[in-house]
Amino acid sequence: MPKDITQASVEPDVALFLNLFQAGEYHAAHDALEPRWRLTRSHTMQGLIQLAVGCYHASRGNLYGARVLWARALAHLESADPADDEGLCLPPIRAWLATAPQALPPDGIAISRRS
């Protein structure tokens, strides 16, 4: 995913999500946004959460799970209200989600798991 995706100041939970995500702590990144998503049911929040869960699956070797979650994340981020961008530049995230599944090896090919 692109490294610099902020375009404005972000709320503390979004900043925490970004820091955890960039550190490869995908499950913790998910946990950082879930409380707000439960309150808002925002497409942006759900898309970011599903992005993180997809990366978690990919890091554990579950390529099918990664592809499914990334497709869902992309659908949510494409449906997001532009005013609900949470201070993030969403087009590079959507572009990454559109191409990331093709960069994975085919299902059934083992990849090394992250420790």
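Definitions and limits used
- Residues numbered from 1 in each chain as written.
- Predicted model: local features only at pLDDT ≥ 70, side-chain atom pairs only at ≥ 80, totals over all residues.
- Heavy atoms only, no water.
- Phe/Tyr/Trp six-rings, centres within 6.5 Å; stacked < 30°, edge-to-face > 60°.
- Lys NZ or Arg CZ within 6 Å of the ring centre and 35° of its normal.
- Helix = DSSP H or I, 4+ residues; strand = E, 2+ residues; numbered from the N terminus.
- Expected span 1.5 Å × (residues − 1).
- Bend = angle between axes of the 7 residues up to and from the residue.
- Polar contact = N/O pair within 3.5 Å; in protein donor to acceptor, adjacent residues only side chain to side chain.
- Contact = heavy atoms within 4.5 Å.
- Salt bridge = Lys/Arg side-chain N within 4 Å of Asp/Glu carboxyl O.
- Buried < 20%, exposed > 50% of the residue type's maximum accessible area, 1.4 Å probe, protein only.

Remarks on the packing of aromatic side chains
Going through the model one piece at a time under the given rule, you end up with three aromatic pairs. With 5.1 Å between their ring centres and 65° between their planes, Phe21 and Tyr26 make a pair best called edge-to-face. Taken together, Phe17, Phe21 and Tyr26 form an aromatic cluster joined through their ring pairs. The ring of Trp37 carries the charged tip of Arg41 above its face, separated from the ring centre by 4.1 Å.

Some details on helix H5 (residues 90–103)
Here H5 is 14 residues long and its end C-alpha atoms lie 20 Å apart, about the 20 Å a rise of 1.5 Å per residue gives. Along H5, the largest kink reaches about 25° and is centred on Leu97; proline Pro101 follows within four residues of it.

Some points on the side chain of Arg36
Here Arg36 lies in helix H2 (residues 26–40). Side-chain polar atoms of Arg36 contact the side chain of Glu86, separated by 2.5 Å. What Arg36 contacts, discounting residues up to four positions off in sequence, is Glu11, Asp13, Val14, Arg41, Met45 and Glu86.

Section: the pattern of salt bridges
Tallying each qualifying case throughout the model produces three salt bridges. Residue Arg36 is joined to Asp13 by a salt bridge in which the shortest nitrogen-to-oxygen separation is 2.4 Å. Within this pair, whereas Arg36 is found in helix H2, its partner Asp13 is found in helix H1 (residues 12–22), the two being separated by 23 residues in sequence. When sorted by exposure, Arg36 lands in the same class as Asp13, which is buried. Glu86 serves as the salt-bridge partner of Arg36, at 2.5 Å between the closest nitrogen and oxygen. Within this pair, whereas Arg36 is found in helix H2, its partner Glu86 is found in the loop between helix H4 (63–79) and H5, the two being separated by 50 residues in sequence. On the basis of relative accessible area, Arg36 is assigned to the buried category, the value being 17%. With a relative accessible area of 17%, Glu86 lands in the buried category. Salt bridges linked by common partners bring Asp13, Arg36 and Glu86 together as one network.

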